[in-house]
Amino acid sequence: MDGRVKGKLSYEEKPSINVSFGFKNASFTDPKTKQSITDANLTGYFTNGRLRNSFSTKLLINDFSIKTQGGRAKGSLSYSNFSDPQVEINLDAEMPFSSIINFIGKDDFHSPEGNLSAKIEIKSPLNLLLNDRQNSKIISKGELKINDVAFGVKNSDLDFRAI
């Protein structure tokens, strides 16, 4: 990690803040689900920008990559204008459906099978992405593939096969 704060801090002035951060070959295990992420890599950058305020503040995850049990994901994230956040997300992932269900720890499902893959790009104001997904200001493209997904719902007769 490398950071720099330069300038005065007063009612009228704010210092410039620039921080580079990241990690290489990290591993994480959820103590509850026992699911692991391995070979995790990330580089990022934070700045309060030229104006030194929330409008010019930006968080960049230039690239990240992870491996899960039987899967992998890589991508990038940009989160800018902390007063009216704008996001750009790029994701390229392939993983077994069971890894996703096990990782999020959902006890409502059993016997998850199949694979999911995604190549997705999204650019949007954050509030629209969270609240108004039909808005034309959301720019998205990509594909989501679901192959031979199957699962059961606990305490139910519902079983989903060959989705």
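Definitions and limits used
Residues numbered from 1 in each chain as written. Predicted model: local features only at pLDDT ≥ 70, side-chain atom pairs only at ≥ 80, totals over all residues. Heavy atoms only, no water. Helix = DSSP H or I, 4+ residues; strand = E, 2+ residues; numbered from the N terminus. Rg over C-alpha atoms; globule rule 2.2 N^0.38 Å. Pairing = 2+ DSSP bridges. Buried < 20%, exposed > 50% of the residue type's maximum accessible area, 1.4 Å probe, protein only. Contact = heavy atoms within 4.5 Å. Phe/Tyr/Trp six-rings, centres within 6.5 Å; stacked < 30°, edge-to-face > 60°. pLDDT = per-residue confidence, 0-100.

### Details of the overall build of the protein chain
The helix and strand inventory of the protein chain stands at 2 helices and 9 strands. Ordered by position from N to C terminus, the α and β elements of the protein chain give β-β-β-β-β-β-α-β-α-β-β. Rg of the C-alpha trace for the protein chain: 20 Å, well past the compact-globule value of 15 Å for 163 residues, more than 25% over. Reported as C-alpha extents along the three principal axes, the dimensions of the protein chain are approximately 65 × 40 × 25 Å.

### Some words on the environment of Gly 22
Mapped onto the secondary structure, Gly 22 falls in strand β2 (residues 16-29). Distance from Gly 22 to Thr 43, taken between C-alpha atoms, is 4.2 Å for residues 21 residues apart in sequence.

### Notes on the pairing of strand β7 (residues 109-125)
Relative to β7, strand β6 (residues 86-96) is paired through 11 bridges, and the arrangement is antiparallel. If you follow Ile 89 over to β7, its bridge partner there is Ile 122. Looking at chain direction, β7 and strand β8 (residues 139-153) are connected through 12 bridges and run antiparallel. By the bridge assignment, Leu 116 is partnered in β8 with Ile 146.

### What about the side chain of Ser 78?
Within the element layout of this structure, Ser 78 appears in strand β5 (residues 71-80). You can call Ser 78 buried: its relative accessible area is 9%. Beyond its immediate sequence surroundings of up to four residues, Ser 78 is in contact with Lys 58, Leu 59, Leu 60, Gln 86, Val 87 and Glu 88.

### A few points about the packing of aromatic side chains
Using the criterion set out here, one finds 4 aromatic pairs in the structure. A ring pair is formed by Phe 46 and Phe 82, whose centres lie 6.2 Å apart and whose planes are at 75 degrees; its orientation type is edge-to-face. Here Phe 46, found in strand β3 (residues 36-47), pairs with Phe 82, found in the loop between β5 and β6; they are 36 residues apart in sequence, far enough to count as distant. Aromatic pair Tyr 79 and Phe 82: ring centres 5.0 Å apart, planes at 85 degrees, arrangement edge-to-face. Overall, the relative accessible area of 36% leaves Phe 82 in the partly exposed class. Three or more aromatic residues link up through ring pairs in this structure, and these residues are Phe 46, Tyr 79 and Phe 82.

### Side note on the confidence of the model for the protein chain
Looking at the protein chain as a whole, the pLDDT averages 88, with 95% of positions reaching at least 70. Put simply, strand β9 (residues 159-160) is where the protein chain has its lowest mean pLDDT, 74, and β5 is where it has its highest, 96.

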